[in-house]
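Each chain, written out:
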Amino acid sequence: DTEVTQTPKHLVMGMTNKKSLKCEQHMGHRAMYWYKQKAKKPPELMFVYSYEKLSINESVPSRFSPECPNSSLLNLHLHALQPEDSALYLCASSRPPGLAGGRAKNIQYFGAGTRLSVL
Amino acid sequence: DAKTTQPNSMESNEEEPVHLPCNHSTISGTDYIHWYRQLPSQGPEYVIHGLTSNVNNRMASLAIAEDRKSSTLILHRATLRDAAVYYCILSPPRGNDYKLSFGAGTTVTVRA
């Protein structure tokens, strides 16, 4: 099973709402990622979790709050978003870092994304 | 991070090969070359990766120049399903995490 499941597929929210995006994988991967992708642009990394600990935050505004409650699950909590935050949010996972050959096999598996619209 | 340069777009006819070039003149000796593709309305999908030698898998072939300053992704017989944005990415060692920095990519159109 090489599937990364993201829910919901679509989300519309107002600027005062609080919502959460969910990502799940059962491949035993211990690195999980959030990316943001605007229309016609490449994905941009937001956060990286390694062994359930936040290891990279690419200077993302605090209105985006990631959480990794266990090795299979990654959440992105949204609060007080702006219309310019409307985008496709992608989750990815990769094999545990540090294993022999792990660096060579930097294969990230992506979900289909959540398309977010902020009104 | 070392940067890559790809053409904005390429067109191909169905059943014909597609050669997608990527320039990475500032590549370091330890950078791996990765290719991902993103089909419409989907997340990116791993295609292939290599370090120095040419690589083949069921999806594509990767030809790496001897000086490693460029590489070419080869789709041997394009199908309509291969229409996607193809990203060439250098993957440097970075501790215990793997950061993929996506460039603009090449949009491949396949004509029936």
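Note: the structure precedes this text.
Residues numbered from 1 in each chain as written. Chains lettered and ligands numbered in written order. Predicted model: local features only at pLDDT ≥ 70, side-chain atom pairs only at ≥ 80, totals over all residues. Heavy atoms only, no water.

Enquirer: What is the right way to look at the side chain of Thr 114 of chain A in this model?
Expert: Residue and element names in this part refer to chain A. By the secondary structure assignment, Thr 114 is in strand β11 (residues 114-118). Overall, Thr 114 belongs to the buried group, its relative accessible area being 0%. Here the side chain of Thr 114 touches Pro 8 through a polar contact of 2.5 Å, landing on its backbone oxygen. (Helix = DSSP H or I, 4+ residues; strand = E, 2+ residues; numbered from the N terminus. Buried < 20%, exposed > 50% of the residue type's maximum accessible area, 1.4 Å probe, protein only. Polar contact = N/O pair within 3.5 Å; in protein donor to acceptor, adjacent residues only side chain to side chain.)

Enquirer: Is there a simple way to think about unusual backbone geometry in this case?
Expert: Both trends apply: most residues other than glycine have a negative phi, and most peptide bonds are in trans. Residue and element names in this part refer to chain A. Here Thr 7 and Pro 8 are connected by a cis peptide whose omega angle stands at -10 degrees. Locating Pro 8 in the fold gives a position in the loop between β1 (4-7) and β2 (10-13). Backbone geometry at Lys 40 places phi at a positive 65 degrees, although glycine is not the residue there. Examined against the element boundaries, Lys 40 turns out to sit in the loop between β4 (31-37) and β5 (44-50). With a phi angle near 70 degrees, Glu 52 is a residue other than glycine that sits in the positive phi range. Here Glu 52 shows up in the loop between β5 and β6 (53-57).

Enquirer: Would you take a moment to explain the pairing of strand β2 (residues 18-23) of chain B for this structure?
Expert: Residues and elements named next belong to chain B. Only one face of β2 is buried, namely the one carrying Val 18, Leu 20 and Cys 22, since none of His 19, Pro 21 and Asn 23 on the opposite face is buried. Where β2 meets strand β7 (residues 70-75), six bridges bridge the pair, whose relative direction is antiparallel. By the bridge assignment, Leu 20 is partnered in β7 with Leu 73. (Pairing = 2+ DSSP bridges.)

Enquirer: It is not clear to me how the pattern of salt bridges should be interpreted in this structure. Could you clarify?
Expert: Any two side chains of opposite charge can pair, on the condition that their charged atoms come close. Tallying each qualifying case throughout the model produces eight salt bridges over all chains. Residue Asp 85 of chain A pairs with Arg 63 of chain A through a salt bridge whose shortest N-O separation is 2.7 Å. Of this pair, Asp 85 of chain A sits in the loop between β8 (73-79) and β9 (87-94) while Arg 63 of chain A sits in the loop between β6 and β7 (64-70), and the two are 22 residues apart along the sequence. You can call Asp 85 of chain A buried: its relative accessible area is 2%. One salt bridge in this structure joins Arg 37 of chain B and Glu 45 of chain B, with 2.9 Å as the shortest N-O distance. Accessibility expressed as a relative area gives 27% for Glu 45 of chain B, which makes it partly exposed. (Salt bridge = Lys/Arg side-chain N within 4 Å of Asp/Glu carboxyl O.)

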